[in-house]
Every structure is written in structure tokens, then in C-alpha cells.
Amino acid sequence: MTNCLIRRYRRGVIDHEVVVVGAGFSGIGMGIALRRHGLRDFVLLDARADVGGVWLVNTYPGVAVDIPSASYSFSFEPNPDWSRVFAPGAELKAYADRCVAKYGLRPHLRLGTRVERADWDEDARLWRLTTSSGPLTARFLITANGVLHQPKRPDIPGLDTFAGRVVHTAEWDDSLDLTGRRVAVIGTGASALQAVPRIARRAGHLHVFQRTPIWVAPKPDFRMPAWARTLFRRVPVTQRLVRAVTNAVVELFLVTGVTQYRRFPFLVGVIEGVCRRHLRRQVPEPELRAALTPSYGFGCKRPSMSNSYFPAFRRPNVTLVTSGIARVTPSGVETVDGASHAFDTLVLGTGFKVIEPDNLPPYPVRGADGVDLGEHWARHRYQAYEGTSVPQAPNLWMLMGPYAFTGYSWFGMIEYQSTHILRCLTEARRRGATRVQISPEANARFFRSMLRRSSRTALNRPACAGSNSYYVDAAGDTPLLRPTSTLQALRRSRRFDLDDYRFSA
Ligand SMILES: Cc1cc2nc3c(=O)[nH]c(=O)nc-3n(C[C@H](O)[C@H](O)[C@H](O)COP(=O)(O)OP(=O)(O)OC[C@H]3O[C@@H](n4cnc5c(N)ncnc54)[C@H](O)[C@@H]3O)c2cc1C
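Residues numbered from 1 in each chain as written. Predicted model: local features only at pLDDT ≥ 70, side-chain atom pairs only at ≥ 80, totals over all residues. Heavy atoms only, no water.

Within this structure, the stated rule accounts for 29 salt bridges. When the shortest N-O distance is used, the salt bridge between Arg379 and Glu375 registers 3.9 Å. Of this pair, Arg379 and Glu375 are both found in helix α11 (residues 373-380), 4 residues apart, which corresponds to roughly one turn of the helix. Overall, the relative accessible area of 62% leaves Arg379 in the exposed class. Linking Glu386 and Arg492 is a salt bridge whose minimum nitrogen-to-oxygen distance equals 2.7 Å. Here Glu386 is found in the loop between α11 and β18 (396-398), whereas its partner Arg492 is found in helix α14 (residues 486-495), with 106 residues between them in sequence. (Salt bridge = Lys/Arg side-chain N within 4 Å of Asp/Glu carboxyl O. Helix = DSSP H or I, 4+ residues; strand = E, 2+ residues; numbered from the N terminus. Buried < 20%, exposed > 50% of the residue type's maximum accessible area, 1.4 Å probe, protein only.)

Right, dumping it as C-alpha cells:
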């Protein structure tokens, strides 16, 4: 059978053994894992002209990671040169470039290639991709196309009538000079939180339109002293120790606190207390403080950290607007209380499409029996075995499928998901299998366990009502979060039963 496989390649029926869609950190991590396991016949496709994914396009003022960089990096590729505890976005883009160069991924890149659809060909046992650069076939398809890559424009009447400049934080124009301008930011999520203090310093006046306040913790951020960088370079174990500490803190508060809420409710209580104290210290004015205080519980929506966000609202040139937006007019915004707010530049800090049929997946995927994956999920709820494979789509794995991400660093997820996928690919090679499919029973078992565990997370408590969280889908499920510890997810990726898959030659 292996010979038959090789002959098929020679006849040019299959262009590549593996196609990975996406060259952000997920695609890069997957590419590194493939090369390490000796799989060389693969390509990384990306619609954009360069690698780095979110770190290529999110160049808005103040963009940075919101967990410590020691944890937000590959475990096997520490970077002693982070300039700060929480590195700015440009350093993440540079880190992506370095990983691509160091691990020999350049020859595998097919940039400027958008995947428009993927169809499973049962007879030939391969995926047929329609791309902006022409058709492509692959025995195995791995999606690493991220989640937060389609900017969301708010559905506000009149938005198109605005006469000034409109820019989304994820489509920033680096030549945009906001000095002295009258600027408005719509949204107070994680990106807006980083941009607001920087814009406030430049703008003549800044209006911030807030629908739901964000939970903000103090940010233990500072410039990495030169001696620390030297130490990390000369004695790498010291940086590994720092990573162990930052991992433990993130895991305790963001993963255990949220996913194990029923068992350890005090953890969320501790963080809420820290955030409230932070707000009290930074904003003495009771009215402003009340307006910035979330009415929902911590963990229901993505929280963040900042030392400069709250103080920005105390500046004389910043106005916080909490009345709902009625419409955008050519000169600004009218709010539901009848007030008009004039400005000349509108910044949309309104986030991304998340759990929506044209984002998960972002292109039509037709699997076995022509089942459309997006429609299937919409009808039967989002689910994937170990957050990566679905019975309806043989030979396909997702880096970030439903119930993949524990809430720790994205890099943790990339590492355990690529471990899972590599075990499947290696086994397929060993058995000479051309078709690998997760069994419906294994998928159903995993989904049941995710639902059971999800009911115990912080997202499923009354305090989340009205939080308007993108973690929750139309069925009331929370598929963006894998309700297990990161260690458990890692252990499962190494030990899940390969017999949960059906390998056929
Ligand atoms: C501003 C910002 C800050 C963040 N900070 C953190 C943080 O501190 N910690 C954390 O854990 N996470 C953070 N995240 C989450 C972040 O999404 C991940 O950490 C990670 O970088 C995502 O990597 P990815 O490769 O999975 O996706 P992406 O970086 O989105 O890359 C996906 C790639 O797939 C490509 N693609 C998509 N569709 C197609 C198609 N049809 N055809 C071809 N190519 C396609 C895209 O062009 C993109 O380059 C942040 C996200 C944002 C937006």
C-alpha cells in the first residue's frame, strides 16, 4: 500500500501529503512539528503576504501580549531578548520570522494563497482545495487558520455615512497620525484597552463608547533589564524557571479559576478583589469608577491587564460615553439619550468574528457524504474530538477546533494539538493508511465530557448573564474553552487511544 501511495504521488494525483492552512503561530508550530518528525512533503498556505497571523496585522498603538512573554512562546524556543515582561506586538512578529527561518519553513510557505473551499474526495481519499492560486490536493489537511482574524464591524445604523476616517484596530494604518485629532473609539475589549491610553496621549479629544466594561487587573510589566537578558542567554535554565512561574500563575487564575469554578470559586473572588482594588486606586472619582465597573463576573468575557487604561479616563481630553449608540452620522455619533458627539476619526475596537458559521471554519469544508462542516456544527452543536477532529471530515485536523483552548497561552494549545496530530500522521504512515477518521463514538464521548465539565466553569454561573460574551454560542455552549487543565490536555495528546481513530488502507 505504501508503494501504491508513492505511485500516486508520482502520477501527480496528490500535490502534497499534508497541507496546513495558516502561517500564524499555529501553522508555524505545526510546520516545525512536521519537520521534526521527518515529514517534508507539506506546504503552509496563508492568504496574507507574510507570516505571523494576528501579529502581522494588529499594529495598533499599544499592541502587546496579555500574558507574560515567557509563557507566550514555544517551550522549545525560548527568547531571551523580549524587551519587556509583556512583549509588544512587533517583537512577536519578529519571533515568528525567526522561528520560520530557524526551523527551515521558508521553502514550505505559499503566501498570498487564500483557501476558498475544501472538498473531501472519498474515491481518491484526498482533500481538494480551491485556492486563490489554483487547485491543490492533499492527503491530509490541517487547519491552522486561527479564530481572531476576521475583523468585526459593528452593526450600527449610519456607519457608512461617517465622513471622516474609519479604521479597525486589526486593520491599522501605520501612517495614521492622530496628533491633535478628535478621535472616537467604539468598544472596550482587549484591543481597545491597549489602544485607548496611547491614543489619549496623542488625540486632541478622545470619546470612548463603552457597552460593557472590561475586567482589568494590574499588569506586572517592566523593561527587562540587560542583566536579565544576558542571564537568560547564558544560563537558559533561569528563563525556564521564570516560565514555570508565569505558567503556574496563568494556569491558576485564568485556567483553574475559570474552568474549575465550582470547586474553587474563591480563585475568581480573589481576582475580582484584585481588579476592584486596582480600579479604586486608579480612579478616585466614584461616578467614573462606577461606570468602569463590570456588572458581570470575572471570566465571563476575556479580561485583560493594564496600568494605563483607567488613568486615561481621568485625562481632561477623554470622555467615557456609556449611553448606547443610536446611530453614526457624517460628523460623529448620536447616543440613545439624544446627545451628539462630534469627531473626525473613528476607531473600531469591536473585535473579531468568533463563533459564527463563516468563521468556524472561515471557508466551506465539505467532508464525507458532502456534509458541510459549518452547517453540521450549526445544527448539531460545535464539537470535535480532543478539539481537533470530526467524524464528518476524514484526514482533517484542526489546531483550534471546538474545545481546544484551555485559556492558558495559545502556544500551549499549539504544542498539545500538534502532538495529537503527529501521533495520528505517524500511525497512518506506519499502517500505510490513506484514510483516518475519528469514530463517532469517541467524538460523542469527548463531547459529553466537555459538556459535563463546561457546566462547572465560571462561564456557566448566573453572574455571566448579560455579559454579552463571545465565549457563548447560539446553543448556549462554550466551545472556545476546553474545560480541563493544560497539563491534562497535554497528557491526553500523548496518551489518547489511537484506536479511537479508524485507519484504513
Ligand atoms: C491583538 C491580539 C492579542 C492576543 N494576545 C494573546 C495573548 O496574549 N495570549 C494568548 O494566548 N493569545 C492571544 N491572542 C490570541 C491569538 O489569536 C493567538 O495567541 C495566536 O497568535 C493565534 O495564532 P493562530 O496561528 O492560531 O491564528 P492567526 O494568528 O489568526 O493566524 C491564522 C492565519 O491563517 C490565515 N488564514 C485564515 N483564513 C485563511 C484562508 N481561508 N486561506 C489561507 N489563509 C487563511 C490568516 O491569514 C492568518 O495569517 C491574541 C489575539 C489578538 C488578536
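With that out of the way, let us pick up the sheet that holds strand β13 (residues 325-329). Reading across the sheet, the 3 strands line up as β13-β14-β15 and stay open at both edges, with antiparallel pairing between neighbours. Both edges of this open sheet fall to β13 and β15 (340-342), since each of them pairs with a single strand only. Here the strands of the sheet are splayed against their neighbours by 20 degrees on average, with no regard to which way each runs. Judged from the 3 bridges that link them, strand β14 (residues 332-335) and β15 form a sheet pairing that is antiparallel. Across the sheet, the residue bridging to Gly332 is Ala342, located in β15. (Pairing = 2+ DSSP bridges. Axes fitted to C-alpha atoms, helices over the stretch in contact; angles between N-to-C directions.)

Our focus in this paragraph is the packing of helix α2 (residues 25-36) against helix α4 (residues 89-102). Look at α2 against α4: their axes get within 10 Å of each other, and the N-to-C directions meet at 20 degrees. In terms of their interaxial angle, α2 and α4 are classed as roughly parallel. In the packing of α2 onto α4, the handedness of the crossing is left-handed. Two secondary-structure elements touch here, α2 through Phe25, Ile28 and Ile32 and α4 through Leu92, Tyr95, Ala96, Cys99 and Val100. (Parallel < 35°, antiparallel > 145°, perpendicular 65-115°, else oblique. Left-handed = near helix turned anticlockwise from the far one by under 90°. Contact = heavy atoms within 4.5 Å.)

Here we take up the environment of Arg431. With respect to the element layout, Arg431 can be found in helix α12 (residues 410-431). Look at Arg431 and you get partly exposed, because its relative accessible area is 38%. Considered as a pair, Arg431 and Gly297 are 134 residues apart in the sequence and their alpha carbons are 50 Å apart.

Attention now moves to the domain arrangement of the chain. How big an interface is tends to be reported as the loss of accessible area on association of its parts. When its domains are assigned, the chain resolves into domain 1 (3-149 + 354-498) and domain 2 (159-222 + 234-348). Distance between the C-alpha centres of domain 1 and domain 2: 29 Å. The partner domain 2 presents 43 residues to the 48 residues of domain 1 that form the contact. Together, the buried faces of domain 1 and domain 2 total about 3,800 Å²; carbon and sulfur atoms form 51% of this surface. Taken as a group, Tyr60, Asp66 and Arg461 account for 16% of the area that domain 1 buries against domain 2, more than any other trio of residues on that side. Taken together, domain 1 and domain 2 are joined by 3 salt bridges. Taking the shortest distance from any N to any O, the salt bridge between Arg461 and Glu272 comes out at 3.3 Å. Our count for the contact surface shared by domain 1 and domain 2 stands at 26 residue pairs in polar contact (both at pLDDT 80 or more). Considering only residue class, the side of domain 1 that touches domain 2 consists of 25 nonpolar, 18 polar and 5 charged. (Domains from an automatic or database assignment. Buried area = accessible area lost by both parts, 1.4 Å probe. Polar contact = N/O pair within 3.5 Å; in protein donor to acceptor, adjacent residues only side chain to side chain. Nonpolar A, V, L, I, M, F, W, Y, C, P; charged D, E, K, R; others polar.)

It is worth spelling out the state of the cysteines at this point. Scanning the model with the defined rule gives 1 disulfide in all. Here Cys300 is linked by a disulfide to Cys464, with a sulfur-sulfur distance of 2.0 Å. Disulfide Cys300-Cys464: torsion about the S-S bond near -85 degrees, hence left-handed. Taken together, the residues Cys300 in the loop between α9 (286-292) and β11 (304-305) and Cys464 in the loop between α13 (440-454) and α14 connect sequence positions 164 residues apart. One exposure class covers both Cys300 and Cys464, and it is buried. (Disulfide = S-S within 2.5 Å.)

Here we come to the packing of aromatic side chains. One pass over the structure, following the stated rule, counts 30 aromatic pairs. With 5.6 Å between their ring centres and 55 degrees between their planes, Trp120 and Trp127 make a pair best called tilted. Relative accessible area serves as the criterion here: at 9%, Trp120 is assigned to the buried category. Pairing Trp397 with Tyr501 gives two aromatic rings, centres 6.3 Å apart and planes at 45 degrees, and the pair type is tilted. (Phe/Tyr/Trp six-rings, centres within 6.5 Å; stacked < 30°, edge-to-face > 60°.)

The subject of this paragraph is the packing of helix α6 (residues 226-234) against helix α7 (residues 236-259). At a minimum axis distance of 4 Å, the contact between α6 and α7 shows a crossing angle of 110 degrees. As the angle between them shows, α6 and α7 are arranged roughly perpendicular. Only Pro236, Thr238, Gln239 and Val242 of α7 make contact with α6, whose side of the interface consists of Leu231, Phe232, Arg233 and Arg234. Taken together, the residues that form the contact of α6 with α7 break down as 4 nonpolar, 2 polar and 2 charged.

Let's shift gears to the confidence of the model for the chain. Reading fine detail from the predicted coordinates is not recommended where pLDDT is low. Across the chain, the average pLDDT comes to 94, with 98% of residues at or above 70. In this model residues 1-12 is a low-confidence stretch, pLDDT under 50, and it forms 16 contacts with partners more than four residues away in sequence or in other chains. (pLDDT = per-residue confidence, 0-100.)

Turning next to α11. The complete set of buried residues in α11 reads Leu373, Gly374, His376 and Trp377. The buried residues of α11 occupy one face: seen down the axis, they fall within an arc of 160 degrees. Across α11 from its buried face, at more than 90 degrees, point the exposed residues Ala378 and Arg379. Contact partners of the buried residues in α11: β17 (365-366) and β18. (Arc of directions from axis to C-beta.)

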